[in-house]
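Listed here are the chains, written in short residue letters.
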Amino acid sequence: MTTDLTTRLGKIVGSRFVSGEAEERYLYSMDPGTMPAAAPDAVVMPANTDEVQLIVQLANELKVPIVPMGAGLVLSGLTRALKGGIIVDMKRMNHIIEVNPISRYAVVEGGASQGMLKAYLKKHYPQLKHSMPDAPPIATMAGNVCIHGSGHLSVLGGSHSDMLTGMEVVLPFGEVIKTGSCSVSGKWFGRSPLPDLSGLFVGWAGTTGIVTKLGIKLFPNYKHNDVLIFVAEDADLMPEIISQLTSTQVAEGMTPWMSPKPAWAKGFLHINIAYGAHTKKELTFKRNLLQASVREHIDRKIAGFLPLPPPQKGRFLQIPSPDLARFADLRKGGGFEYVGAMMAIEHFPEAYRTGLEIAEKFNVAYSLGARIIGAGHCMMFFFAYAFNRADAEDVKRASDALEATNAAALKIGGIPWKAEQPAQQQIIDKMDSGTFSLMNRIRSVLDPNQVMNPGNWEI
Amino acid sequence: MNCETIDCLMKCQYLSFADIAEAREEKLKINDGKDSRVLEQCLTCYACQEYCPYDNNPFYLLVERQEEKGILPAPKPIIEEQLRMMAPKGRITKQAVSGPVVDMCAFPMLTGCVRGKLFEGASTIVGMDVFCNIMWLHFAKNSTIRQRVPQMIDNIMSFYLADSGTNELVCFHDECYGTYTSVADAYGVEVPFKPIHQFDYINQRLNDLADAVKPINAKIVYQRPCSNRLVPRTDQVLDEIFEKIRAQRVPRKYDRENALCCGGVPRAHQRDELADELVEKNIKDMLSVGATYCVFNCPFCMATLGQEVAEQGLMPILVSDLVQIALGE
Ligand SMILES: Cc1cc2nc3c(=O)[nH]c(=O)nc-3n(C[C@H](O)[C@H](O)[C@H](O)COP(=O)(O)OP(=O)(O)OC[C@H]3O[C@@H](n4cnc5c(N)ncnc54)[C@H](O)[C@@H]3O)c2cc1C
Ligand code: SF4
Ligand code: SF4
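Rules used throughout
- Residues numbered from 1 in each chain as written.
- Chains lettered and ligands numbered in written order.
- Predicted model: local features only at pLDDT ≥ 70, side-chain atom pairs only at ≥ 80, totals over all residues.
- Heavy atoms only, no water.
- Helix = DSSP H or I, 4+ residues; strand = E, 2+ residues; numbered from the N terminus.
- Rg over C-alpha atoms; globule rule 2.2 N^0.38 Å.
- Buried < 20%, exposed > 50% of the residue type's maximum accessible area, 1.4 Å probe, protein only.
- Contact = heavy atoms within 4.5 Å.
- Areas by Shrake-Rupley, 256 points an atom, 1.4 Å probe, with all protein chains shown as cover.
- Lys, Arg positive; Asp, Glu negative; His and termini not counted.
- Charge placed at Lys NZ, Arg CZ, Asp CG, Glu CD.
- Phe/Tyr/Trp six-rings, centres within 6.5 Å; stacked < 30°, edge-to-face > 60°.
- Near = heavy atom within 4 Å.
- Polar contact = N/O pair within 3.5 Å; in protein donor to acceptor, adjacent residues only side chain to side chain.
- Nonpolar A, V, L, I, M, F, W, Y, C, P; charged D, E, K, R; others polar.
- Domains from an automatic or database assignment.
- Buried area = accessible area lost by both parts, 1.4 Å probe.
- Salt bridge = Lys/Arg side-chain N within 4 Å of Asp/Glu carboxyl O.

As for the overall build of chain A
Scanning chain A for helices and strands turns up 15 helices and 19 strands. Taking 2.2 N^0.38 as the reference for a compact globule, 459 residues should give roughly 23 Å; the C-alpha atoms of chain A span a radius of gyration of 22 Å, in line with that estimate. Taking the principal axes of the C-alpha coordinates as reference, chain A spans close to 70 × 55 × 45 Å. For chain A, buried positions account for 58% of its 459 residues. Intrachain contacts of chain A at a sequence separation of at least 6 include 69% that bridge at least 24 residues. For chain A, the computed accessible surface area is about 18500 Å², with 55% contributed by carbon and sulfur atoms. Of the side chains in chain A, 45 bear a positive and 43 a negative charge, and the two mean positions are spaced by 7 Å.

Looking at the packing of aromatic side chains
Throughout the structure, instances matching the rule amount to 10 aromatic pairs over all chains. Summarising the aromatic geometry, the rings of Phe-119 of chain B and Tyr-201 of chain B are spaced 5.4 Å apart at their centres and angled 10° between planes, so their arrangement reads as stacked. Taken together, the residues span a long stretch of sequence, with Phe-119 of chain B in the loop between strand S1 (101-103) and strand S2 (123-125) and Tyr-201 of chain B in helix H9 (residues 198-208) at a distance of 82 residues. Arranged with centres 6.0 Å apart and planes meeting at 55°, the rings of Trp-136 of chain B and Phe-139 of chain B form a pair that is tilted. Exposure class is identical for Trp-136 of chain B and Phe-139 of chain B. Each is buried. Taken together, the ring pairs connect Phe-348, Phe-381 and Phe-383 of chain A into an aromatic cluster.

A few points about the site of ligand 1
All names here are of chain A. Close to ligand 1 lie 37 residues; Pro-68, Gly-70, Ala-71, Gly-72 and Thr-140 are nearest. In the model, an oxygen atom of ligand 1 is placed 2.9 Å from a nitrogen or oxygen of the Arg-371 side chain. Protein coverage of the free-state accessible area of ligand 1, which is 960 Å², stands at 98%. Those elements that place two or more of their residues in the shell around ligand 1 are strand S3 (66-69), helix H5 (141-146), strand S10 (210-217), helix H11 (323-328) and strand S16 (334-343). The element that contributes the greatest number of residues to the shell around ligand 1 is H5, accounting for 4 residues. Along the lines of polarity and charge, the residues of the shell around ligand 1 split into 23 nonpolar, 12 polar and 2 charged.

What to know about the domain arrangement of chain B
Residue and element names in this part refer to chain B. Parsing chain B into structural domains produces domain 1 (7-69), domain 2 (85-202) and domain 3 (211-326). Placing a centre on the C-alpha atoms of domain 1 and another on those of domain 3 gives a separation of 26 Å. On the side of domain 3, 18 residues touch domain 1, which itself brings 14 residues to the contact. Summed over both partners, the interface of domain 1 with domain 3 comes to about 1200 Å²; 55% of that surface belongs to carbon and sulfur atoms. It is Leu-43, Tyr-46 and Glu-50 in domain 1 that bury the most area against domain 3; as a group they hold 44% of the surface buried on that side. If you look at where domain 1 meets domain 3, you find 3 salt bridges. Note that Lys-11 is salt-bridged to Glu-257, the shortest N-O span being 3.0 Å. The tally of links between domain 1 and domain 3 comes to 8 residue pairs in polar contact (both at pLDDT 80 or more). The element that contributes the greatest number of residues to the side of domain 1 that touches domain 3 is helix H4 (residues 47-51), accounting for 4 residues. A breakdown of the residues in the side of domain 1 that touches domain 3 according to their chemical character gives 8 nonpolar, 4 polar and 2 charged.

Right, here's the structure in full:
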């Protein structure tokens, strides 16, 4: 079957861009996370929407599963071929199609990477920027939006799916559709005022279609940028502090972090607050607003801003931030995974204590932190564990810790983000039955042959 | 109290007193261990150490009182975290050094400054295990100074100087020299080596290298650091250095006894708006006299002000680097 499949795929994309060889099947069978390998029968790299459409039609004809994949960096194994089939690697569809500098959006192809858009804007539209996740820059815009990712402008603009302005999607049965304003006007300015069909494709772990184009909001790129680091000792204060800082509506991004390394940081709760301005005067004004918002804690001497001379700020202003990637390498051997759980801000203290308890119980190298989404509307709290992939015991420890963390996050009232297959099960168990039933009905309408990334969001 | 002038408080640039009587009252409160607004409002600029005509160590006493009373100049987590950051690491190993041995304190990024004819044959020592720890004066932590300074001295001796054949330690930074002279004296800490201030060392070297000097022939402004208040004699040595390399230290309002804080410490004290004001005053003052270089001896002042100074068209530079230029290096 593999030979027949690869031959047929080769006819669509050209033989250079398809493989059923053991090497590729092995490489594409896993990601850097803890999920066990699951190999595809073939890997294909389409160049355009027409080719994606033909691949999907072929999959339906042969009743073979298809798994859409960007950079495969999701870490929770969502691009593994759980039931075999074809991995559709989107990286060749990497064009930046349009930038609208007035209405501030970009339209990119389904495989365009974060790094590419950043470089393109820097060169052609230096007055604009987009919100970058801290993932390696090869991570794709589509892959990130599809998992409700978040990034360095998430206080300003919400999660990356909130920044989505529309999509072109190849549905599981092969039709090409559009969502958002581009379906009516040709402009990709937003998702309103239409029925919001984009929601059919975000958060679904690639089970409802393949995104071939998407529009994403852009933001002003400031000439002057600064970062403040607020330090506290009492986790119970954090919700109030976060709420106060975000109430100024000045920060672009806010990332609390709590880590035992470096040793001086252990036990302290930090919040990096990034903000920018067109002029120095405006920057100072914004800084004063941020500082005033938490003055009561400073005056009580229980929390304050870490003094950072200007030359030391550079590393905290790097986008993407290298810190998580550095932590990922802590145990060497290329293993890294984190449970990110979306939750309400008031759960911060409980999430923090839970993370510490689990790390201690499972004896894993940990880093805890969060990304604040919106003006303090919620957060993605992460529990990151580094492990050595070559050391089975280490992998098992991290994997057990992750499972325990998922359960704990759900118990707290959070929801595991970009949940790996077992965590999806845990979520479904807690989910309103009407919601899950509607998800299933939607999928059976969109995907009668059940070819799209099967094994995910299923009981 | 017999002092007639109460210079320590009357000359303070950051606190004002209606008259000598009020300053005396506050000073008496400090002496007697009572509450005084000075303990709360002090910027920890070290200047009163210099202002006192009788060498009575008013600033050290002030810090002592702050700590006794639990008055924190900065929020507790900020102090605690920095205490850990700057703690001895115990990673020191014996290293053969030979004179001149230059103490670079906690600034490994500056070891490159020790080069060329000026520092010919020099060895450097650097790191948290030889950190002078004087910075705790800014954070009401005399106890840390008492605890860590002897340990640092012991490290310097046993890991470096004891087997080196030299008993002299050239202090690159005012702070180290201030620690091993003024602070050690006042706190009763024994210093078994002879600290040499960088300025004394450079001044002496310039005598030896007189023929190699190419005059700078430029106007400079100097940002005098807080720690130089502990060793004011050396400010005159600096004048001799500038004279020898023909750099004209242009008089400005905020130099010498009237030097103004660079703004770094007030930020740690969460007084950013005051820090902004200090930066602005310093820079306006520097620009008003039309200099080419803004010379620093304190790396922290340079980190705090350097970027802003450069943006305003002055070249920020360390004393030793300016001398290197004069030596054609
Ligand atoms: C060090 C590190 C730091 C990270 N930091 C962040 C961060 O700050 N914020 C953040 O959000 N994430 C972060 N991540 C997680 C992840 O890498 C990113 O979210 C990344 O953007 C995912 O993109 P991808 O291209 O790798 O997606 P993939 O892993 O390829 O795919 C993700 C999901 O989307 C689906 N998918 C991919 N492309 C398409 C498409 N065209 N159409 C339909 N479905 C598709 C896949 O099937 C899968 O379910 C980090 C990861 C690492 C390793
Ligand atoms: S240290 Fe400076 S601010 Fe504090 S009292 Fe002395 S002179 Fe005034
Ligand atoms: S410390 Fe010095 S200046 Fe201050 S009151 Fe005493 S003697 Fe006078």
